[in-house]
Amino acid sequence: MIIQSLEQKTRLAMMTVLASVAGSVLICATTLLGCWSMIDKERQQIYILDGDIPFLAERAQLSSNFIMESKAHINLFHQYFFNLPPDDAYMNYTVGKALYMADGSALKQKQALDEKGFYSDLLSSSAICTVMCDSIQFDERNRKFTYYGTQTIKRRSREMKRSLITAGEIESVPRTENNPHGLLITNWRTVENKDLTTW
């Protein structure tokens, strides 16, 4: 009778010890996981110091950053391609910079404008050509864009405003000094370029 009672007490003590150890391991594991996630979350945060005062800076999501960079690239390309003073060397310089930002479709457009005498006409009439971006529609999923702008051509005798709509696609490439956004405009074409007003 005493031996059975002793066995039961030993079994009860063993179960109590095992339950205590299991509970301790569970508490330790939960605490470690909680600490790990807190440390990981803290590593994600960036602080900016203004003197001695730290400010928490928020990271932008990669997708929203890609959309902004794509729109900036498209806008800059159009500015280089269409903002043209009556200066042959500067014209070649800006159009050359634009050609770094697009594939051969932009070169074809330049050659077509050359054949029509667009550049020589600007030079001979001392015209200033500028473009103002109205909006850029960007389809992130298919990486396609449509650029809406207003082109102004100022000559000595008259001024002309034209609507400019172009379309194309965006491709990621390595960043370079000539292409800081690391993007390339492909299949670029002019959808519309018609007179709005002349005075």
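Criteria and cut-off values
Residues numbered from 1 in each chain as written. Predicted model: local features only at pLDDT ≥ 70, side-chain atom pairs only at ≥ 80, totals over all residues. Heavy atoms only, no water. Phe/Tyr/Trp six-rings, centres within 6.5 Å; stacked < 30°, edge-to-face > 60°. Helix = DSSP H or I, 4+ residues; strand = E, 2+ residues; numbered from the N terminus. Buried < 20%, exposed > 50% of the residue type's maximum accessible area, 1.4 Å probe, protein only. Polar contact = N/O pair within 3.5 Å; in protein donor to acceptor, adjacent residues only side chain to side chain. Pairing = 2+ DSSP bridges. Core = buried A, V, L, I, M, F, W, Y, C linked by side-chain atoms within 4.5 Å. Contact = heavy atoms within 4.5 Å. Salt bridge = Lys/Arg side-chain N within 4 Å of Asp/Glu carboxyl O. Disulfide = S-S within 2.5 Å.

Visitor: Describe in detail the packing of aromatic side chains, supporting the description with residues and values.
Guide: This model, assessed by the stated rule, comprises eight aromatic pairs. Ring plane angle 90° and centroid distance 4.8 Å describe the contact between F77 and W188, whose orientation is recorded as edge-to-face. Residue F77 is found in helix α2 (residues 62–82), and its partner W188 is found in strand β6 (residues 183–198); the two are separated by 111 residues along the sequence. Each member of the pair, F77 as well as W188, is classed as buried. A connected cluster of aromatic rings, assembled from ring pairs, spans F77, F81, F82 and W188.

Visitor: Before we move on, can you summarise the side chain of T150 with the specific residues and values?
Guide: Residue position: T150 is located in strand β4 (residues 144–154). There is a polar contact of 2.9 Å between the side chain of T150 and the side chain of D134.

Visitor: Tell me what's going on with the environment of R141, and back it up with residues and numbers.
Guide: Inspection of the secondary structure puts R141 in the loop between β3 (128–139) and β4. A relative accessible area of 79% means that R141 is categorised as exposed. C-alpha separation for the pair R141 and F81, spaced 60 residues apart in sequence, amounts to 26 Å.

Visitor: Now, about the pairing of β3: what can you tell me, with residues and values included?
Guide: Pairing of β3 with β4, which is carried by eleven bridges, proceeds in the antiparallel orientation. In the sheet register, T130 faces β4, and the bridge partner there is T152. Here β3 hands over to β4 after four residues, with R143 in that stretch at a positive phi of 55°.

Visitor: How would you sum up the nonpolar core? Please name residues and give values.
Guide: Residues F77 and F81 are the most contacted members of the largest nonpolar core, which totals 29 residues. Of all the secondary-structure elements, those providing two or more residues to this core are α2, α3 (88–100), α4 (104–115), α5 (118–124), β3, β4, β5 (159–172) and β6. In terms of residues, this core owes the most to one element, α2, which gives five residues. Those residues in contact with F77, other than ones at most four positions away along the chain, are A98, M101, A102, A106, I185 and W188.

Visitor: Requested: an account of the pattern of salt bridges, with residues and values cited.
Guide: Under the counting rule described, the total for this entry stands at four salt bridges. With its nearest N and O atoms 3.3 Å apart, the salt bridge here joins E69 to R175. Of this pair, E69 sits in helix α2 while R175 sits in the loop between β5 and β6, placing them 106 residues apart in sequence. D114 is the salt-bridge partner of K110, the closest N and O atoms lying 3.2 Å from each other. Placement of the pair is K110 and D114 together in helix α4, with a separation of four residues, close to one helical turn. Note on K110: relative accessible area 18%, which makes it buried.

Visitor: Give me the state of the cysteines: which residues, what numbers.
Guide: Within the structure shown, the criterion is met by zero disulfides. Free cysteine C129: the closest other cysteine sulfur is in C133, separated by 15 Å. Residue C129 is classed as buried on the basis of its relative accessible area, which comes to 1%.

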